[in-house]
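Coordinates in review
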Amino acid sequence: MHSVSVAGVVLRANGDVLGIRRRDTGEWQIPGGVLERDESIHDGVRREIAEETGLLVRPLRLTGVYLNLPRAVVAMVFLCAAEGETVAASTEEASEVGWLSTGEVRTRFEGVFAVRVADALVGRDEAFVRVHDGVSVLAEGAGGQGDY
């Protein structure tokens, strides 16, 4: 069985991306988490981002679906519009929250998480579908759509 997670790429008018530093691992990522039973996908995106950052958002479109093979997690990522700009780290899940430039995303995020931001910024109509091993996006022949 697989678990399902949802996450959001939230953009500010200047192009900065909302990022969180996870309290459990210390890694920078976009906000998100596991979808709860009986919760709609869009409600899950809104809830996870609000819990981790204090920011209310509106999901705009699905930008990618990512399968983490070792952890058996399917992550759905949405481009989201912020309903405000003030953010604050949650006490339980995020030790830091901030607006990051795309350059900061590339240097702070692990590749398998930075690709989710890059995919959201492409602006194509069809969502990316990628497979990764927890570290690297796998080549198209392995079920993904190429390396990042």
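Please read all numbers here as calculations on a predicted model, not as lab measurements.

**So, the overall build of the chain**
- On a plain count of helices and strands, the chain comes out with three helices and eight strands.
- Element order for the chain, N to C, with α for helix and β for strand: β-β-β-β-α-β-β-β-α-α-β.
- Computed over C-alpha atoms, the radius of gyration of the chain comes to 14 Å, within 12% of the 15 Å expected from 2.2 N^0.38 for 148 residues, which places it in the range of a compact globule.
- Counting only C-alpha atoms and orienting by the principal axes, one finds that the chain spans roughly 40 × 35 × 30 Å.
- Taking the contacts inside the chain whose residues are at least 6 apart along the sequence as the reference set, 60% of them involve residues at least 24 apart.
- Here the chain displays about 7600 Å² of accessible surface, and carbon together with sulfur accounts for 49% of that area.
- For the chain, the distance from the average position of its 15 positive side-chain charges to the average position of its 23 negative side-chain charges is 2 Å.

**Details of the confidence of the model for the chain**
- Per-residue pLDDT for the chain averages 91, and the proportion of residues at 70 or more is 94%.
- For residues 141–148, every residue scores under 50 in pLDDT, and the model assigns this stretch 26 contacts once sequence neighbours within four places are set aside.

**Describing unusual backbone geometry**
- Positive phi outside glycine occurs at aspartate 38, with the angle close to 65°.
- Mapped onto the secondary structure, aspartate 38 falls in the loop between β4 (32–34) and α1 (41–53).
- Even without glycine at this site, alanine 72 takes up a positive phi of about 55°.
- Within the fold, alanine 72 resides in the loop between β5 (57–68) and β6 (73–82).

**Brief notes about the pairing of strand β1 (residues 3–11)**
- As paired strands, β1 and β6 are joined by nine bridges and run parallel to one another. Across the sheet, serine 3 pairs through a bridge with valine 73, a residue of β6.
- Two elements, β1 and β4, share three bridges in a ladder whose sense is antiparallel. Note on β4: the bridge partner recorded for serine 5 is valine 34.

**What to know about the side chain of aspartate 16**
- Within the secondary structure layout, aspartate 16 lies in the loop between β1 and β2 (17–22).
- A residue is classified by how much of its surface remains accessible, and aspartate 16, at 14% relative accessible area, is buried.
- What aspartate 16 contacts, discounting residues up to four positions off in sequence, is Val10, Leu11, Trp99, Leu100 and Ser101.

**Notes on the nonpolar core**
- Val9, Ile30, Val105, Phe109 and Val117 are the most contacted members of the largest nonpolar core, which totals 20 residues.
- Listing elements by their share of this core, those giving two or more residues are β1, β6 and α3 (111–122).
- Here the element with the most residues in this core is α3; it accounts for six residues.
- Ranked by size, the runner-up nonpolar core spans 14 residues in total, among them Val10, Leu18, Ile20 and Cys80.

**A look at the packing of aromatic side chains**
- A complete count under the given rule lists zero aromatic pairs for this structure.
- A cation over a ring is seen here: arginine 124 above phenylalanine 128, with NZ or CZ 3.8 Å from the ring centre.

**Side note on the pattern of salt bridges**
- Applying the stated criterion across every chain yields a total of 10 salt bridges.
- A salt bridge links arginine 108 to glutamate 104, with the shortest nitrogen-to-oxygen separation between them at 3.7 Å. Of this pair, arginine 108 and glutamate 104 both sit in helix α2 (residues 102–108), four residues apart, which is roughly one turn of the helix.
- Judged by relative accessible area, arginine 108 falls into the partly exposed class, the value being 38%.
- On the basis of relative accessible area, glutamate 104 is assigned to the partly exposed category, the value being 28%.
- Among the charged side chains, a network of salt bridges with common partners joins Glu36, Glu39, Arg47, Glu48 and Glu51.

Reading the values: rules and limits
- Residues numbered from 1 in each chain as written.
- Predicted model: local features only at pLDDT ≥ 70, side-chain atom pairs only at ≥ 80, totals over all residues.
- Heavy atoms only, no water.
- Helix = DSSP H or I, 4+ residues; strand = E, 2+ residues; numbered from the N terminus.
- Rg over C-alpha atoms; globule rule 2.2 N^0.38 Å.
- Contact = heavy atoms within 4.5 Å.
- Areas by Shrake-Rupley, 256 points an atom, 1.4 Å probe, with all protein chains shown as cover.
- Lys, Arg positive; Asp, Glu negative; His and termini not counted.
- Charge placed at Lys NZ, Arg CZ, Asp CG, Glu CD.
- pLDDT = per-residue confidence, 0-100.
- Pairing = 2+ DSSP bridges.
- Buried < 20%, exposed > 50% of the residue type's maximum accessible area, 1.4 Å probe, protein only.
- Core = buried A, V, L, I, M, F, W, Y, C linked by side-chain atoms within 4.5 Å.
- Phe/Tyr/Trp six-rings, centres within 6.5 Å; stacked < 30°, edge-to-face > 60°.
- Lys NZ or Arg CZ within 6 Å of the ring centre and 35° of its normal.
- Salt bridge = Lys/Arg side-chain N within 4 Å of Asp/Glu carboxyl O.

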